[in-house]
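Take a look at the letters that make up each chain.
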Amino acid sequence: MPVHLDDAKVIERILDGDRDAFALLLKRHESHVSRLVAAHVPPDQVAEVAHEAFIRAYKGLPGYRPIKPFRNWLTTVTLRCCKDYWRRTYRNREAPVCDLSEDGQNWLDTALAATSAEEFEALAQRRELGEILEAVLAMLSPLDRMVMTLSYLEERPTSETAEMLGISVPNVKVRAFRAKRKLKDFLKRYGIQGEEHEA
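Reading the values: the criteria
Residues numbered from 1 in each chain as written. Predicted model: local features only at pLDDT ≥ 70, side-chain atom pairs only at ≥ 80, totals over all residues. Heavy atoms only, no water. Buried < 20%, exposed > 50% of the residue type's maximum accessible area, 1.4 Å probe, protein only. Helix = DSSP H or I, 4+ residues; strand = E, 2+ residues; numbered from the N terminus. Arc of directions from axis to C-beta. Contact = heavy atoms within 4.5 Å. 1 Å grid on protein atoms, 1.4 Å probe; cavity = no way out; pocket = protein on both sides within 12 Å on 5 of 7 lines; lining within 4 Å. Points joined across faces, edges and corners; volume = space filled by probe spheres on them. Nonpolar A, V, L, I, M, F, W, Y, C, P; charged D, E, K, R; others polar. Axes fitted to C-alpha atoms, helices over the stretch in contact; angles between N-to-C directions. Parallel < 35°, antiparallel > 145°, perpendicular 65-115°, else oblique. Left-handed = near helix turned anticlockwise from the far one by under 90°.

Novice: Requested: an account of helix 1 (residues 7-15), with residues and values cited.
Specialist: For helix 1, every residue scored as buried is listed here: D7, V10, I11 and I14. An end-on view of helix 1 places all buried positions within 100 degrees of arc, on one side of the element. In the core, the buried residues of helix 1 are packed alongside helix 2 (22-38), helix 3 (46-60) and helix 4 (70-89). Two residues or fewer past helix 1, G17 is found with a positive phi of approximately 110 degrees.

Structural data, given as structure tokens:
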């Protein structure tokens, strides 16, 4: 198959019965999907979730409309696979906040007392606190986890987060607000009280 064909033309061939043409889409977008999945699921699950994303994309091609680039559509499919991964593996468990170091507890205290999304984001993006952040995210439902990750950590606009997760913009805003409140309530149960900022 000519490698110069754009994605829309390749998809046309696939839908016309040329199943082998999908290999070209896979080759073009494999690294993008893998990077995306790696940012949202544990390392040992990346290959499986990425594979699932391509299977779902292949099956969903008849419903694809080239209003936006295929890469955008594939990104949405991939993020929904990540969300479904967390839905499948999610268990009501308490993250080991009580086992965190004093520095870790202080960071959680400060992050959850943040008065703005920008302040929370600045704290959350400190790479050395990845393990603590993972413990925080583990306390959330799968969808809330994805909302927090996309909105705060990846700095995606609310409208883009909503589109990628297949929910409304108000739903994203409500979930982000409730997620922070859930985390604060959780810390209170461990006696880690967030200090209120003075107005």
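Novice: Could you give an account of the layout of surface pockets, naming the residues involved and the relevant values?
Specialist: Approximately 280 Å³ is the volume attributed to the second largest pocket. Together, 16 residues line the second largest pocket, and K68, N72, W73, T76 and E163 are the ones closest to its centre. Listed by contribution, the elements that provide at least two residues to the lining of the second largest pocket are helix 4 and helix 9 (158-165). With seven residues, helix 4 is the single largest residue contributor to the lining of the second largest pocket. Broken down by class, the residue content of the lining of the second largest pocket amounts to five nonpolar, four polar and seven charged.

Novice: Residue-level account of the packing of helix 3 against helix 4, with values.
Specialist: In the contact formed by helix 3 and helix 4, the axes pass within 9 Å of each other and the chain directions differ by 125 degrees. The angle between the axes of helix 3 and helix 4 places the two elements in the oblique class. Crossing of helix 3 over helix 4 shows right-handed handedness. Two secondary-structure elements touch here, helix 3 through V49, E52, A53, F54, R56, A57 and G60 and helix 4 through W73, L74, V77, T78, R80, C81, C82, D84, Y85 and R88.

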